[in-house]
Amino acid sequence: MRHETPFSVRYLTDDTVPIRDIIESLQGVESVLGEVSRLLPSLVDGLKVERIEVRVREIAQESPLREIYLVALFLAFQKDLEQEVTEQITALTGWQVPESMDTIVTVLALVIVFYGVGAIKSLVLGKADDGPSERQLNGLIEELSNVTGKTQRQIRQLLENRYRDRTLWKRLANATSRFFLPSKRQDSAPIEVNQRRIERETVRDVPADYLVEHEADVKPSRDFFDATLELHAQDRDHAGRGWAAIPRGINDQRLRLKLMPEVSAVELWGNDIVRGDITVLYERVGLEMVPREIHLHRVTGTG
């Protein structure tokens, strides 16, 4: 089943935004929405997100900068849980998405963004103090708890488990900095996400230092959803080493493959072809960006 969710980001800037900053923000939003698809099944019992498609429907560069996306979620439901689910999920058994799904996607995306602010602060300041961004995160987690039925503690544990890996932690900080970039470059201009306003005071709370220095700390990366991997090396006993693959249609070279925490080596073992959500990490060689490593976040099919 396909469910479409509109996602609008408005940077309330006074001046036009350079193209390079627009590109950065587009990449940041794409990464955040990719994280939404990975966390959503843990918040809605019985729901599976088979894949996600993020399309840009409109970019208006004049002040304010406006980016409008269409997020297509391809959903499935575990029928065996039909008798145990809440009223909200029972609505899904007839292949009807609950009315709150758009709200869940919006609030979850903002939770990820502001959890990412904490990641930036920890990298720049060594700690995340109790500032406007933390207060915004607390309010968003409370709202997400109300619309999903999950406790705030469960939501925080989900975030901690997801971003415990240092690589994912830095990548989250990178995506968050890109999301805020057009605003930070213009006196921390307010931002509206699906008509939810992020005030200037809150944007100012995001360390600007990381916006300048993060590229040296985090390798450039790009997300690909439902990509096809041709496996060339496997190690059933390890997830972080001993694996290699060729990402078909992306690059024709064998690259190191790292299985992220959500992926078990056992489910891949013995397969030559795997489909899944991946992140490709790049390195600059001369004037070119060359792919060096693949991170597999979720398996969507084998064979």
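It should be noted that the structure appears before, not after, this text.
Report follows, based on the coordinates. Note that this is a predicted model, so its numbers are computed, not measured.

Let us now look at the sheet that holds strand 6 (residues 221–233). Read around the barrel, five strands follow the order 6-7-8-10-9 and close on themselves; strand pairing throughout is mixed. Along the sheet, successive strands turn relative to each other by an average axial angle of 50°, direction set aside. Sheet analysis places strand 8 (residues 255–259) next to strand 10 (residues 288–302), joined by four bridges and oriented parallel. Considered in strand 10, the bridge of L257 is made with I294. The sheet strands contacting helix 1 (residues 19–43) are strand 6, strand 9 (273–285) and strand 10, and the helix crosses strand 6 at an angle near 65°. Relative to the sheet, helix 6 (residues 166–184) contacts strand 6, strand 8, strand 9 and strand 10, its axis offset from that of strand 10 by approximately 110°.

Time to look at the environment of V266. Residue position: V266 is located in helix 9 (residues 265–268). Classification of V266 by relative accessible area gives partly exposed; the value is 48%. Sequence spacing of V266 and R236 is 30 residues, and the spatial spacing of their C-alpha atoms is 6.2 Å.

So, on to the side chain of E293. Mapped onto the elements, E293 comes out in strand 10. For E293, a relative accessible area of 12% translates into the label buried. Here H295 takes part through its side chain, which lies 2.6 Å from a polar atom of the side chain of E293. If we ignore the near neighbours within four places in the chain, the residues touching E293 are R256, K258, T279, V280 and L281.

Conventions used here
Residues numbered from 1 in each chain as written. Predicted model: local features only at pLDDT ≥ 70, side-chain atom pairs only at ≥ 80, totals over all residues. Heavy atoms only, no water. Pairing = 2+ DSSP bridges. Helix = DSSP H or I, 4+ residues; strand = E, 2+ residues; numbered from the N terminus. Axes fitted to C-alpha atoms, helices over the stretch in contact; angles between N-to-C directions. Contact = heavy atoms within 4.5 Å. Buried < 20%, exposed > 50% of the residue type's maximum accessible area, 1.4 Å probe, protein only. Polar contact = N/O pair within 3.5 Å; in protein donor to acceptor, adjacent residues only side chain to side chain.

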